Amino acid sequence: MNSVRVLIVDDHAHAREATRVILSEDPMFNIVGTATSGQEALEFTEQWMPDLILMDISMKGMDGLETTRLIKLRFPYIKIIMMTVSDDAAHLFEAIKQGAQGYILKSLPPSMWLEYLRSVVLDEAGLSQEIALRILQQFPSTKAQNDPVANTLTPREREILHWVSSGLTNRDIAAELNISEQTVKNHLKNLLHKLQLENRVQLTRYAIEHGLASDQLYRP
């Protein structure tokens, strides 16, 4: 695939450099620039039009959450991954609500950074169970049986939605359904097109709002 244009946003010079070093190990990622604040991130996003933004969640002035919200309003197709030193689910869920595709802990080893970022770029990354549960609680099922689009979904597409909403990756879904990973990807592309959605987070919300979410989320 073509290289992914990346903008790094962090108000700490050491963190920006560390992120740059990690991404430089994978030719998939082409770092087009770095921003030291939320305001710079807004300006540089418009100037460079990156495919992916790595956004520090805690910055002085305009924080990563507000910056993400503003960028997503103008450029909804840009993928944003939050970078954080804490796995505080409240902050991370707020980032998801603002449009972020996911998050990554700064303490993870470089190999896990690269594996996760590649999966996000390829739309293969699942949500954590905790975040999926928070989405479920925030958007209780309406079981909209009369939704004309929902009624066009095939049994297999409903199964895919079921497992996406439980936070499974493409590989895990393929194992559950005994199909190939490529078949899962094809189903996801069809679902996104049919439902006019952009990513797995939106698919999860759709599944919850229409009573198609996995009952796995209710289990202890």
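Refer to the structure above for everything that follows.
This structure is a prediction, so every number in the text was calculated from the model and none was measured. (Residues numbered from 1 in each chain as written. Predicted model: local features only at pLDDT ≥ 70, side-chain atom pairs only at ≥ 80, totals over all residues. Heavy atoms only, no water.)

Here's the deal with the sheet that holds strand E4 (residues 79-84)
Phase 1: Reading across the sheet, the five strands line up as E2-E1-E3-E4-E5 and stay open at both edges, with parallel pairing between neighbours. Bordering the open sheet on either side are strand E2 (29-35) and strand E5 (102-105), each of which pairs with just one other strand. When strand polarity is set aside, the average angle formed by the axes of neighbouring strands in this sheet is 25 degrees.
Phase 2: Alignment of strand E3 (residues 52-56) against E4, held across five bridges, turns out to be parallel. Looking at the pairing, leucine 52 lines up with lysine 79 of E4.
Phase 3: Where helix H3 (residues 64-74) meets the sheet, it contacts E3 and E4, and its direction lies at approximately 180 degrees from that of E4. (Pairing = 2+ DSSP bridges. Helix = DSSP H or I, 4+ residues; strand = E, 2+ residues; numbered from the N terminus. Axes fitted to C-alpha atoms, helices over the stretch in contact; angles between N-to-C directions. Contact = heavy atoms within 4.5 Å.)

Details of the pairing of strand E1 (residues 4-9)
A regular strand carries its side chains on alternate faces of the sheet.
Phase 1: The buried fraction of E1 is high, at five of six residues.
Phase 2: When E1 meets E2, the two strands line up parallel, connected through six bridges. Bridge pairing in E2 places isoleucine 8 opposite threonine 34.
Phase 3: Between the parallel elements E1 and E2, the chain passes through helix H1 (residues 13-23) in a crossover that is right-handed. (Buried < 20%, exposed > 50% of the residue type's maximum accessible area, 1.4 Å probe, protein only. Right-handed = clockwise from strand over helix to strand, strands pointing away.)

Quick notes on unusual backbone geometry
Phase 1: Here the phi dihedral of methionine 49 falls at roughly 50 degrees; this positive angle occurs in a residue that is not glycine.
Phase 2: Considering the arrangement of structural elements, one finds methionine 49 in the loop between helix H2 (38-48) and E3.

Quick look at the pattern of salt bridges
Phase 1: Overall, the coordinates contain seven salt bridges when judged by the stated rule.
Phase 2: Close ionic contact of arginine 69 with glutamate 66 constitutes a salt bridge, the shortest N to O distance being 2.7 Å. Taken as a pair, arginine 69 and glutamate 66 lie in helix H3 at a separation of three residues, close to a single helical turn.
Phase 3: Given a relative accessible area of 31%, arginine 69 falls into the partly exposed group.
Phase 4: In this structure, lysine 194 and glutamate 157 form a salt bridge, with 2.9 Å as the shortest nitrogen-oxygen distance. Taken together, the residues span a long stretch of sequence, with lysine 194 in helix H9 (residues 181-195) and glutamate 157 in helix H7 (residues 155-164) at a distance of 37 residues.
Phase 5: Given the relative accessible area of 30%, lysine 194 is considered partly exposed. (Salt bridge = Lys/Arg side-chain N within 4 Å of Asp/Glu carboxyl O.)

Let's talk about the packing of aromatic side chains
Phase 1: For the structure shown, the criterion picks out two aromatic pairs.
Phase 2: Aromatic pair phenylalanine 75 and tyrosine 77: ring centres 6.4 Å apart, planes at 80 degrees, arrangement edge-to-face.
Phase 3: Residue phenylalanine 75 is classed as buried on the basis of its relative accessible area of 10%. (Phe/Tyr/Trp six-rings, centres within 6.5 Å; stacked < 30°, edge-to-face > 60°.)

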